[in-house]
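Coordinate inspection notes
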Amino acid sequence: MCTAATYQTKDFYFGRTLDYDVSYGNQVVLTPRGFTFRLRNGKTMSAHYAMLGMACVAEGYPLYYDAVNEKGLAIAGLNFVGNAHYGKPVEGKDNIAQFELIPWLLGSCATVAEVRRLLQRLNLTDVPFSQAMPLAQLHWLIADKTACITLEAVTDGLKIYENPVGVLTNNPPFPYQMFQLNNYMHLATDNRVNTFSEALKLEQYSRGMGAMGLPGDLSSQSRFVRAAFVKLNSLSGDSEEESVSQFFHILGSVEQQRGCCKLGEGRYEITLYTSCCNTARGIYYYSTYDNRQITGVDMHRENLDGTELVIYDPVVRQQILMQN
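Description of the structure in this document. (Residues numbered from 1 in each chain as written. Predicted model: local features only at pLDDT ≥ 70, side-chain atom pairs only at ≥ 80, totals over all residues. Heavy atoms only, no water.)

With that settled, the discussion passes to the overall build of the protein chain. Per the secondary structure count, the protein chain includes five helices and 20 strands. For 324 residues, the compact-globule estimate of 2.2 N^0.38 gives 20 Å, and the C-alpha radius of gyration of the protein chain, at 20 Å, lies within 12% of that figure. Along the longest, intermediate and shortest principal axes, the C-alpha atoms of the protein chain span 75 × 60 × 45 Å. Looking at the protein chain as a whole, 50% of its 324 residues qualify as buried. (Helix = DSSP H or I, 4+ residues; strand = E, 2+ residues; numbered from the N terminus. Rg over C-alpha atoms; globule rule 2.2 N^0.38 Å. Buried < 20%, exposed > 50% of the residue type's maximum accessible area, 1.4 Å probe, protein only.)

Dropping the structure here:
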């Protein structure tokens, strides 16, 4: 499964973990303004904002897991199995296939406010990319430096939720994820005092006991609580190095190690990659399971007016600096 988060210092940062047992050929992909998206509703997008993110490129089409556009709007899609629902085309609506949502929004909108207006006409359709690639059941975290929302397409329609924590995982639906935070309102970052009983002399015997009860398992609900607590209490300087470092530490609190989440037949879910994008500067940082070193791609070093995808193969082998 996956976790997405936001983080604000001097600049605004957005990223996610992608947790799965196998990679589908993930690559960092820049889509320039002139690349033509041919939508399944018969329309084309040949003039749009440039975008950069992690994608699987199939038949020349970037299937984005997460991306940011040149205006600073960012989106990540996360598994929402058993709850996601897409319909048939509806006359008078913008009928957009599920796999087209990220490029459609990032190509058309500069802010979350513009996304909200566009979503009023949206009908997410159940058109798969191909017979070999069935529909992914997803919901989405959408954010810019001023706002953050969660988008869910369920059986009773399209739901748009304010996301005050700037975090999203998988199931259950977002309102239930938020409600569960009530069970952890006692958590704290400072030392605790004895409220158990005045009849007992109980003392704190270790640092960090204010967060006792913070869930540590790998379930999506527990990762939501843990990521929210860590993100909302995170502190760092405003420099790019400090901000990026802290963001990777935030998502490091929910990463999955090989061997801890068994799927059967020798398969294990792991954190395939972790991303962090400076949305103001258009720099996409990432690390992979076997390469802890942070690697960056700057969209502004490329020709944003181009017509062809610019693809970067991710650095996946471990980079170890040996000191002399």
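The rest of the description comes next.
What follows covers unusual backbone geometry. The amide bond that connects asparagine 171 to the next residue, proline 172, takes the cis arrangement and shows omega of 0°. By secondary structure assignment, the location of proline 172 is in the loop between strand E14 (167-168) and helix H3 (174-180). Residues other than glycine seldom take positive phi values, yet glutamate 59 does so here, at roughly 55°. On the accessibility criterion, glutamate 59 (72% relative accessible area) is exposed. Its identity as a non-glycine residue notwithstanding, glutamate 265 has a phi of 55°, on the positive side.

Another aspect to go through is the packing of aromatic side chains. How two aromatic rings sit relative to each other is set out by the distance from centre to centre and by the angle between their planes. Throughout the structure, instances matching the rule amount to nine aromatic pairs. An angle of 40° between the planes, with centres 6.1 Å apart, marks the rings of tyrosine 20 and tyrosine 24 as tilted. Assessed through its relative accessible area of 30%, tyrosine 20 is described here as partly exposed. Consider the rings of tyrosine 61 and phenylalanine 99, whose centres lie 5.7 Å apart with planes at 80°: the pair is edge-to-face. Of the two residues, tyrosine 61 is situated in strand E7 (residues 61-69) and phenylalanine 99 in the loop between strand E9 (94-97) and helix H1 (101-108); the sequence distance between them amounts to 38 residues. A relative accessible area of 10% places phenylalanine 99 in the buried class. By the ring-pair criterion, three or more aromatic residues cluster together here, those being Phe35, Phe37, Tyr61, Phe99 and Phe129. (Phe/Tyr/Trp six-rings, centres within 6.5 Å; stacked < 30°, edge-to-face > 60°.)

This part covers the sheet that holds strand E19 (residues 291-298). Sheet strands line up and pair through hydrogen bonds in the backbone, either parallel or antiparallel. Sheet architecture is open: six strands sit in the order E14-E1-E2-E17-E18-E19, paired in antiparallel fashion. At either end of the open sheet lies a strand with only one pairing partner, and these are E14 and E19. In this structure, strand E1 (residues 2-8) lies alongside strand E2 (residues 12-20), joined through seven bridges in antiparallel fashion. The residue of E2 that forms the bridge with threonine 6 is phenylalanine 14. (Pairing = 2+ DSSP bridges.)

Our next topic: the pattern of salt bridges. Counted by the stated rule, this structure contains twelve salt bridges. For aspartate 11, the salt bridge is made with lysine 10, and the minimal N-O distance between the two is 3.5 Å. Its relative accessible area of 13% is what places aspartate 11 among the buried residues. Salt bridges here are not isolated pairs; linked through shared partners, they connect Arg33, Glu70 and Asp305. (Salt bridge = Lys/Arg side-chain N within 4 Å of Asp/Glu carboxyl O.)

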